[in-house]
Amino acid sequence: MTLVRKEFLQIFRNRIMLPLLFVVPTVMLLILVNAATMEMRDRKVLICDNDLSPTSRRICGAISASTFFDAGRVAFSAHEAIASIEKGESDVALIIHKGLENDLMSQQPAAVQLIVNAVNSQQAQLSYAYMTQLINRAVGDILLENAAPAPQESIRTSVSFWYNPTLNYRFFMLPGILTILITVIGTVLSAMNVVREKETGTIEQINVTPVGKFAFIASKLLPFWLIGLVELALGLALGRLFYNVPMEGSITLIFGMSATYLTGLLGLGLFVSTFAQTMQQATFINFFFLLICILMSGIFTSTDNMPAWGKALNTINPVYYFIDIMRCIMLKGATFVDLTPQFRAICIFAAASVSLSVLNYRKRN
Amino acid sequence: MIKVRNICKSFGAVRALNDVSFEVRENELFGLIGPDGAGKSTLFHILISLMKPDSGDVALWGLDSVRDYRAIRKIIGYMPGKFSLYEDLTVEENLQFFASVFGVRVEENYRLIEDVYRHIAPFGKRPAGKLSGGMKQKLALSCALIHKPRLLVLDEPTTGVDAVSRKEFWDNLKTVRQAGVTAIVATPYMDEAALCDRIAFINNGHIFSVDTPQNIVKRTTQRIFAVRAANMRTLPALCRSLPGVMAAYSFGDAVHLAMNRHDAEAGEIRQQLICLACEKVEVKTVAPIIEDCFIITVKNQK
């Protein structure tokens, strides 16, 4: 108890740490959730209309009307269009060749050319898909109007997006950002906390006291475990307040899961600290592992698109399970039974990391 | 009562401690004198149960440093060479913390540390990191004593501390000893050796001459001469070439010459040096002090 009190005393004395603990999550949630969006809007489109027919105008009109595209640019030749893409003035160039309307009306296959800047492949694919859809719909309308017989009722698809009906990207991001937050606090801060005792030499002094291995580790774990949970509460409150992020599942469940996950993270942090002699080393080791774990976890990209080895690797990535847990509880209202496999995974993670760090933290040579 | 028996410890190819044995008596102020890298800290780490020896054993009042490490950690106070208190905690908080780690209240043993602590008590609310070097030492000593240990282990407590603070620190140690605490102090300063009840020389992992400082000086059979000349820089080398010289080494503003021959005379040495083209030669007999004894002892072993 005395040890824990000392830890808190040190944390609250630290003039940089304390504001950091509360400012960072707020800033992260306010900025990242909004900024790290992958929704596509206002892609710059350049149109090179060599046909200048009612059909081509109709296509151009459809594009201008879309919120995804900003179709202010015009070129008079394909060369000009390509140059514009190269200069980065436009993201997509649509080149309509002369004779488009003629081909269409005479039932010949007609073609337009679409050039997409694919530096960002995801955006390029989306642009391509939306563009194709827009053009086809416009062309389809024209053909329908001109065709004599009434169109047959074809298959009509109606789409509804479950769990995030408005496809609000923030609902997807917020649980992810919260996960990063907890993960970073849990590992980095706890590792630093122990390594600092090594760097200042105080660990030697503590080792010559009757304080046991277990008590020492526990005292180092507990404060950041609590801080992690406070941060989670803060994050959830901010999400509710600013983004109206839903909370379909039980809050108790989220906190229970987080408590388990945090235990594992703190164990991991301590494990790192048993190897590192200086804070610099600890930072680097942590950075390396966290970067891999976080980027592979499916926070920004879907893990379903990963190669098989990536998926296999993810089975030992605790961040992957936890992000899943967070999203499922918050957006889907998953219950404990639904999340049993993930819960088992983070339990194994917690047990492994804590026991490894305890074993590795040698009080005696 | 501390018994160190045949301790050996190697780090890779380096033999840090080589068959080290000595005893420390109850309520003694015992000095471990030796230069940096002699093996003092390693020996201390083994003494206080932070390290296991390769062979040999340490018994503190019958407790084995390896087997009974838990019991040992309750009865020792350790002050490492590097300041190792929490710099972000205040003076009072540090003291409070170390007291509670040992399960005692500050008031219980305050009398023991009173002499030391009252100098820093006015700065009780100041973070330990903002104290001066001397005050840090006093705080560290207070923290090491607050649980009234039977054995106090001090690793180079006065390194990097000014002369006045050093003196005060040694006065404090005397008080602590009077309170019944046994203390072992490692120091590279020869002048501090004279302040101990008994001392041991340590060099290259070997222990020599365990005795009182007075006896060690008394036992020295060599005659010591202080030599000065115009060419101070080349003087030690020239002195070593004289017959019967055991060691010649710079000592303050002179060169000390330890002669094996008991009949060596100052005048004779002076003549010999003048023959070696030395100018303004002055030679006089001096009484050996601890530093001379240390150099002679180390030289003898080689």
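For clarity, every value in this text was computed on a predicted model and none was experimentally measured.

Describing the overall build of chain A
For chain A, the count of helices and strands is 14 helices and four strands. Taking 365 residues into account, the globule formula puts the C-alpha radius of gyration at 21 Å, and chain A, at 28 Å, lies well above it. With the principal axes as the frame, chain A shows a C-alpha extent of 95 × 45 × 40 Å. In chain A, which comprises 365 residues, the proportion classed as buried is 45%. Within chain A, contacts between residues at least 6 apart in sequence are counted, and of these 78% link residues at least 24 apart. Of the roughly 19,000 Å² that chain A leaves accessible, carbon and sulfur atoms contribute 64%. Averaging the positions of the 27 positive and the 23 negative side-chain charges in chain A gives two centres separated by 16 Å.

Some details on the domain arrangement of chain A
Its domain assignment divides chain A into domain 1 (2–36 + 165–360) and domain 2 (43–146). One C-alpha centre belongs to domain 1 of chain A, the other to domain 2 of chain A, and the line joining them spans 47 Å.

Topic: the pattern of salt bridges
All names here are of chain B. Evaluated as defined, the whole model comprises 25 salt bridges over all chains. Taking the shortest distance from any N to any O, the salt bridge between Arg177 and Asp197 comes out at 2.5 Å. In this pair, Arg177 is assigned in helix H6 (residues 163–178) and Asp197 in the loop between helix H7 (190–193) and strand S9 (198–203), connecting sequence segments 20 residues apart. What makes Arg177 partly exposed here is its relative accessible area of 24%.

Re the packing of aromatic side chains
Evaluated as defined, the whole model comprises 12 aromatic pairs over all chains. Aromatic side chains Phe97 of chain B and Phe98 of chain B sit 5.2 Å apart centroid to centroid with 75° between the ring planes, which places their arrangement in the edge-to-face category. Note on accessibility: Phe97 of chain B and Phe98 of chain B belong to one class, buried. An angle of 80° between the planes, with centres 6.0 Å apart, marks the rings of Tyr110 of chain B and Tyr117 of chain B as edge-to-face. Assessed through its relative accessible area of 6%, Tyr117 of chain B is described here as buried. In this structure an aromatic cluster arises from ring pairing among Tyr261, Phe322 and Phe349 of chain A. Here Lys136 of chain B stacks its cationic end above the ring of Phe83 of chain B, 5.1 Å away from the centre of that ring. For the cation-ring pair, Arg166 of chain B lies above Tyr189 of chain B, with the distance from its terminal atom to the ring centre recorded as 4.0 Å.

Brief notes about helix H3 (residues 54–65) of chain A
All names here are of chain A. For H3, with 12 residues, the first-to-last C-alpha span of 16 Å sits near the 16 Å given by 1.5 Å per residue. Every buried residue belonging to H3 is among Thr55, Ser56, Ile59, Cys60 and Ile63, and all of these are buried. Here the buried residues of H3 occupy an arc of 140° about the axis, which is enough to place them on one side. Exposed positions of H3 whose direction lies more than 90 degrees from the buried face are Pro54 and Ala65. The secondary structure elements touched by the buried residues of H3 are strand S1 (43–49), strand S2 (69–74), strand S3 (92–96), helix H5 (100–105) and helix H6 (121–146).

Remarks on the sheet that holds S3 of chain A
Residue and element names in this part refer to chain A. The four strands are arranged S2-S1-S3-S4 in an open sheet whose pairing can be described as mixed. Each having just a single partner strand, S2 and strand S4 (112–116) make up the two edges of the open sheet. Here the strands of the sheet are splayed against their neighbours by 25° on average, with no regard to which way each runs. Both S3 and S4 contribute to a ladder of five bridges, which runs antiparallel. The residue of S4 that forms the bridge with Val92 is Val116.

As for the interface of chain A and chain B
How big an interface is tends to be stated in terms of accessible area lost as the parts join. Each partner contributes to the interface: chain A provides 23 residues, whereas chain B provides 28 residues. Both faces combined, the contact of chain A with chain B buries some 2,400 Å², and carbon together with sulfur accounts for 56% of it. Counting across the interface, chain A meets chain B through two salt bridges. The shortest N-O distance in the salt bridge between Glu93 of chain B and Arg13 of chain A comes to 2.6 Å. Elements supplying a minimum of two residues to the side of chain A that touches chain B: helix H1 (2–13), helix H7 (169–200) and helix H8 (202–207) of chain A. In terms of residues, the side of chain A that touches chain B owes the most to one element, H1 of chain A, which gives six residues. Among the residues forming the side of chain A that touches chain B, the class breakdown is six nonpolar, nine polar and eight charged.

Let's talk about the sheet that holds strand S10 (residues 206–211) of chain B
Residues and elements named next belong to chain B. Read from one edge of the open sheet, six strands run S6-S7-S8-S3-S9-S10, paired in mixed fashion. At either margin of the open sheet sits one strand with a lone partner, and together these are strand S6 (76–79) and S10. Neighbour-to-neighbour, the strand axes of the sheet open up by a mean angle of 15°, direction not taken into account. Strand contacts of helix H1 (residues 40–47): strand S3 (29–33), S6, strand S7 (151–155), strand S8 (182–187), S9 and S10, with the helix running at about 155° to S8, the strand carrying the most contacts. Relative to S6, helix H5 (residues 133–145) is tilted by about 160°, and along the sheet it contacts S6 and S7.

A word on a nonpolar patch on the surface
A grouping of Val23, Val27, Leu30, Ile31, Leu32, Leu241 and Phe242 of chain A is seen on the molecular surface, where their side chains present a nonpolar patch of about 630 Å² in accessible area. The element that contributes the greatest number of residues to the nonpolar patch is helix H2 (residues 17–35) of chain A, accounting for five residues.

Rules and cut-offs
Residues numbered from 1 in each chain as written. Chains lettered and ligands numbered in written order. Predicted model: local features only at pLDDT ≥ 70, side-chain atom pairs only at ≥ 80, totals over all residues. Heavy atoms only, no water. Helix = DSSP H or I, 4+ residues; strand = E, 2+ residues; numbered from the N terminus. Rg over C-alpha atoms; globule rule 2.2 N^0.38 Å. Buried < 20%, exposed > 50% of the residue type's maximum accessible area, 1.4 Å probe, protein only. Contact = heavy atoms within 4.5 Å. Areas by Shrake-Rupley, 256 points an atom, 1.4 Å probe, with all protein chains shown as cover. Lys, Arg positive; Asp, Glu negative; His and termini not counted. Charge placed at Lys NZ, Arg CZ, Asp CG, Glu CD. Domains from an automatic or database assignment. Salt bridge = Lys/Arg side-chain N within 4 Å of Asp/Glu carboxyl O. Phe/Tyr/Trp six-rings, centres within 6.5 Å; stacked < 30°, edge-to-face > 60°. Lys NZ or Arg CZ within 6 Å of the ring centre and 35° of its normal. Expected span 1.5 Å × (residues − 1). Arc of directions from axis to C-beta. Pairing = 2+ DSSP bridges. Axes fitted to C-alpha atoms, helices over the stretch in contact; angles between N-to-C directions. Buried area = accessible area lost by both parts, 1.4 Å probe. Nonpolar A, V, L, I, M, F, W, Y, C, P; charged D, E, K, R; others polar. Patch = residues over 30% accessible without salt bridge, like charges linked within 9 Å, V, L, I, M, F, W, Y side chains within 5 Å.

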